[in-house]
Amino acid sequence: MDTSVSRKTNVTDFSTAYYLLEGLKEIGIDYLFCNLGTDHAPIIEEMAHRRSRGEAMPKVLRCPHENTAAHMAGGYALVTGRGQGVLVHVDVGTANAANAMHNLYRSRLPVLLMAGKAPYTSHGELVGTRDTHVHFVQEPFDQGSLVRPYTKWEWTLPSGVVVKEALQRAYSIMQSEPRGPVYLMMQRETLTEYWGADEIHRYPGDRYGATASGGADPKLITALADRLLAAENPILITGYGGLDALGAQKIDELGQFAGMAVFEANSKSNISYESPCFAGFSPDDSLPDADFGMLVDVEVPWFPAEVQPNENSFWVHIDVDVLKLGSPMWTFPGHLRLQGNSGRILDQLLTELKDKATPRFKAAAAARLQRLQAAGAARREHAAALAADRGKPGAINPHYLMAELGKVLDDEDIIFNEAVTNTPAVLMQIPRRRPNTAFNTNGAGLGWSGAMALGAKLAAPNRTMVQIAGDGSFYFCNPCSVFAVSQQYRLPIFAIVLDNSGWSAVKQSTLRVFPKGDANSANEFEAELATVAEFSKVAEAFGAYGEKICDPAEVPAAIARCAKEVRGGRSALLHVRVTRM
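The shown structure was predicted, so the numbers you read here are calculated from the model rather than taken from an experiment.

**Considering the overall build of the chain**
Next up, step 1: Across its full length, the chain carries 20 helices and 22 strands.
Next up, step 2: Across the 581 residues in the chain, those meeting the buried criterion constitute 56%.
Next up, step 3: For the chain, the accessible surface area stands at approximately 24,000 Å², while carbon and sulfur atoms represent 52% of it.

Here it is in structure tokens:
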């Protein structure tokens, strides 16, 4: 490498970028998901320098689009619980990653987003000064504002002497509950500064690490247990309890011990769908009769405009963030709020319940559990009836398709469900017996499923990752970028595009607001998309297996062919013409 700039070969002076890469490795960053630009020249130089010296640094995965990079990091964090690094280009790269930051923030997934900033010198005063047109147009007044609503922390690195301190601070915040993205900005002049090794202090994780959330006040646990022991129709609603293994375990144990219906909000698998207490995906029918309710790790338990709980029911919130501080308005009933680790709090509650449970309570709980099991059997019979209708040529029934897909998936495989309006078919037809094996973001940004499947595959190479997207959401996924990364880094995923030729969610939203409006009368919803598309060709362009089917008779064999390709190490995309929106 060129040492003529300012490197002194007779002393241990290295650039900020050198210490940045070293510091990332020290805090546990294994991967950098990168979309690089002119601001990253010092980092690129030090990557080569560290390789030449045989020194450790995170592995680099180059992603052709920032949406892919950031969501891949989220998929990796979903499986491992550990946030990784994302490197994007100044303000424009940050803007491209903002959709992912929204999704990851709302889903409590940690990611360290890093971006350069335009150089601040223009006349060669410092190494890294402006030397191209874009350096003069990529400097907004407030670059951090592009992602500020969806990050827990942000900072611009003022000097390389504190680079490791800044990294540890960022990592500690993103890994502390509720976990989420953080944002660090760095200018070229700062990255090219040189510092002696003795000037760069280390900040080991055992001294400066993330905080751990704990249990609840025993007095509050006693009060909660007494309320539950007196309840006749208790329910529990969870959204992402399955992200924590202890939380998922205790939700199921509590549901079965107390005969409590467990509802799952926002289509993530939190407990086994075959658990006797699992009650489905909407509590609406149970809310009016519930006299006791628990909101455990959930953002949107129901839609207040459509259903209201019993005014006399007692509600408790259990969450590491019971006030939902990232939302300006969040107004669901809560008589008792216990902030902390849900798994530990539920374990406390179970211990108290078992000590206090009377024969009468146990008998009532057993009777409730029996009714829940009967309702579960009826729910599965209904799902089977829906899947029995295969549809017709050009309009394959999604329920039938998903039932056939479920036959080839293992319990450990993970579904990334971006089917949107066809989500009910995914949820009802594919058995999920283990927590955290079906995922939907808590966010609203479309275009995440393919990249998150890639990141999860990187973290768990022996498991099959399945992306299920509607054609409307598939466009947002930057599929060329997704399949390019899949090919380059040998990360096979099974992608399924449910093609109904439009944004059905847009149409349905219009009908809900204006059921008898002019749009309905004219059948004009501004939601129609291309009707003659060949999505499989996108995958084929990057070496993946692609297939399009229109006839229900083709479904089982097509799924089998795609699954075989994926398990053989090659991505596959199955384009399915389903019932029109």
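**A word on the packing of aromatic side chains**
Next up, step 1: Scanning the model with the defined rule gives 19 aromatic pairs in all.
Next up, step 2: Arranged with centres 5.5 Å apart and planes meeting at 80 degrees, the rings of Phe474 and Phe535 form a pair that is edge-to-face. Note that Phe474 is positioned in helix α15 (residues 471-476) and Phe535 in helix α19 (residues 535-540), a separation of 61 residues in sequence.
Next up, step 3: Residue class for Phe474 comes out buried when judged on its relative accessible area of 1%.
Next up, step 4: We classify Phe535 as buried; its relative accessible area is 6%.
Next up, step 5: Connected via pairs of aromatic rings, a cluster forms that spans Trp302, Trp315, Trp330 and Phe332.
Next up, step 6: Over the face of the ring belonging to Phe439 we find Lys268, whose NZ or CZ atom lies 5.4 Å from the ring centre.
Next up, step 7: Across the ring face of Phe257, the terminal group of Lys354 is positioned such that the distance to the ring centre comes to 6.0 Å.

**What about the nonpolar core?**
Next up, step 1: Judged by nonpolar contacts, the single largest core of 51 residues is most densely connected at Leu254 and Met294.
Next up, step 2: For Met294, the contacting residues outside a window of four places in its chain are Leu224, Ile235, Leu236, Ile237, Leu254, Met260, Trp315, Val316, Ile318, Leu346 and Leu349.
Next up, step 3: Listed in part, the 40 residues of the second largest apolar core include Leu109, Val111, Leu113 and Ala453.

**Some thoughts on the sheet that holds strand β4 (residues 84-88)**
Next up, step 1: Ordered by their spatial adjacency, six strands build an open sheet running β3-β2-β4-β5-β7-β6, and the pairing between neighbours is parallel. If you trace the sheet from one side to the other, it starts and ends with β3 (59-62) and β6 (154-156), each paired once. Going from strand to strand, the sheet's axes swing by 20 degrees on average, the running direction of each strand aside.
Next up, step 2: Summarising the sheet, strand β5 (residues 111-117) and strand β7 (residues 182-187) pair through six bridges and their orientation is parallel. Across the sheet, the residue bridging to Leu112 is Val182, located in β7.

**Some points on helix α16 (residues 479-488)**
Next up, step 1: Among the 10 residues of α16, seven are classified as buried, and the element is accordingly described as predominantly covered.
Next up, step 2: Of the residues one or two after α16, Arg490 is the one with positive phi, at around 55 degrees.

**Thoughts on helix α14 (residues 449-459)**
Next up, step 1: Among the 11 residues that make up α14, 10 are buried, leaving the element largely enclosed by the rest of the structure.
Next up, step 2: Buried within α14 we find Ser449, Gly450, Ala451, Met452, Ala453, Leu454, Gly455, Ala456, Lys457 and Leu458.

**Considerations on the packing of helix α12 (residues 398-406) against helix α20 (residues 555-567)**
Next up, step 1: Axis separation between α12 and α20 bottoms out at 10 Å; the angle between their running directions is 45 degrees. Viewed along their axes, α12 and α20 adopt a mutual orientation that is oblique. Considering only the axes of α12 and α20, their crossing is right-handed. Residues Tyr400, Leu401, Glu404 and Leu405 of α12 touch α20, and the partners they reach there are Val555, Pro556 and Ile559.
Next up, step 2: Grouping the amino acids of the contact of α12 with α20 by side-chain chemistry returns six nonpolar, no polar and one charged.

**Some remarks on unusual backbone geometry**
Next up, step 1: In this structure, the amide linkage connecting Glu177 to the following residue, Pro178, adopts the cis form with an omega of -5 degrees.
Next up, step 2: Counting through the fold element by element, Pro178 comes out in the loop between α5 (163-175) and β7.
Next up, step 3: At Asp297, a residue that is not glycine, the phi angle is positive and equals roughly 50 degrees.
Next up, step 4: For Asp297, the position within the fold is in the loop between β12 (292-296) and β13 (314-319).
Next up, step 5: Unlike most non-glycine residues, Val420 shows phi in positive territory, near 55 degrees.
Next up, step 6: For Val420, the position within the fold is in the loop between β17 (414-418) and α13 (423-429).

**Quick look at the sheet that holds strand β11 (residues 278-280)**
Backbone hydrogen bonds hold the strands of a sheet together, and the pairing may be parallel or antiparallel.
Next up, step 1: The strand order β11-β10-β9-β12-β13-β14 describes an open sheet built from six strands, whose pairing is parallel. Edge positions in the sheet fall to β11 and β14 (336-339), since each of these pairs with one other strand and no more. Looking at each pair of strands side by side, their axes are set apart by 20 degrees on average, direction ignored.
Next up, step 2: In this sheet, strand β10 (residues 261-264) lies alongside strand β9 (residues 234-238) in parallel orientation, the contact comprising four bridges. Counterpart to Ile237 in the pairing with β10 is Phe263.
Next up, step 3: Here helix α9 (residues 245-258) sits on the sheet in contact with β9, β10 and β12, set at roughly 165 degrees to β9.

**Concerning the pairing of β12**
Next up, step 1: Across the five residues of β12, five count as buried, placing the element largely inside the fold.
Next up, step 2: Residues Phe292, Met294 and Val296 of β12 are buried on one face, and the alternating residues Gly293 and Leu295, pointing to the opposite face, are buried as well.

**Quick look at a nonpolar patch on the surface**
Next up, step 1: Taken together, the side chains of Tyr475, Phe476, Trp503 and Val506 define a hydrophobic patch exposed on the protein surface, amounting to about 350 Å² of accessible area.
Next up, step 2: When you line up the elements, Phe476 lands in helix α15.
Next up, step 3: By relative accessible area, Phe476 is classed as partly exposed at 39%.

**Re the side chain of Gln84**
Next up, step 1: When you line up the elements, Gln84 lands in strand β4.
Next up, step 2: A distance of 2.8 Å separates a polar side-chain atom of Gln84 from the backbone nitrogen of Tyr31.
Next up, step 3: Among residues more than four places away in sequence, those in contact with Gln84 are Gly28, Ile29, Asp30, Tyr31, Phe33, Tyr76, Pro110, Val111, Leu112 and Met174.

**What to know about the state of the cysteines**
Next up, step 1: Evaluated as defined, the whole model comprises zero disulfides.
Next up, step 2: You can see Cys480 has no disulfide; the closest cysteine sulfur is in Cys477, sitting 12 Å from it.
Next up, step 3: For Cys480, a relative accessible area of 44% corresponds to the partly exposed category.
Next up, step 4: This cysteine, Cys562, is not joined by any disulfide, and Cys550 carries the nearest cysteine sulfur, 14 Å off.

**Focus: the pattern of salt bridges**
Next up, step 1: Enumeration over the complete set of coordinates arrives at 32 salt bridges.
Next up, step 2: The salt bridge partner of Arg433 is Asp411, with a shortest N-O separation of 2.8 Å. Taken together, the residues Arg433 in the loop between α13 and β18 (438-439) and Asp411 in the loop between α12 and β17 connect sequence positions 22 residues apart.
Next up, step 3: We classify Asp411 as partly exposed; its relative accessible area is 24%.
Next up, step 4: Where salt bridges share partners, they join Glu22, Glu26, Arg50, Arg53, Glu55, Lys164 and Arg202 into one cluster.

Cut-offs used in this document
Residues numbered from 1 in each chain as written. Predicted model: local features only at pLDDT ≥ 70, side-chain atom pairs only at ≥ 80, totals over all residues. Heavy atoms only, no water. Helix = DSSP H or I, 4+ residues; strand = E, 2+ residues; numbered from the N terminus. Buried < 20%, exposed > 50% of the residue type's maximum accessible area, 1.4 Å probe, protein only. Areas by Shrake-Rupley, 256 points an atom, 1.4 Å probe, with all protein chains shown as cover. Phe/Tyr/Trp six-rings, centres within 6.5 Å; stacked < 30°, edge-to-face > 60°. Lys NZ or Arg CZ within 6 Å of the ring centre and 35° of its normal. Core = buried A, V, L, I, M, F, W, Y, C linked by side-chain atoms within 4.5 Å. Contact = heavy atoms within 4.5 Å. Pairing = 2+ DSSP bridges. Axes fitted to C-alpha atoms, helices over the stretch in contact; angles between N-to-C directions. Parallel < 35°, antiparallel > 145°, perpendicular 65-115°, else oblique. Left-handed = near helix turned anticlockwise from the far one by under 90°. Nonpolar A, V, L, I, M, F, W, Y, C, P; charged D, E, K, R; others polar. Patch = residues over 30% accessible without salt bridge, like charges linked within 9 Å, V, L, I, M, F, W, Y side chains within 5 Å. Salt bridge = Lys/Arg side-chain N within 4 Å of Asp/Glu carboxyl O. Polar contact = N/O pair within 3.5 Å; in protein donor to acceptor, adjacent residues only side chain to side chain. Disulfide = S-S within 2.5 Å.

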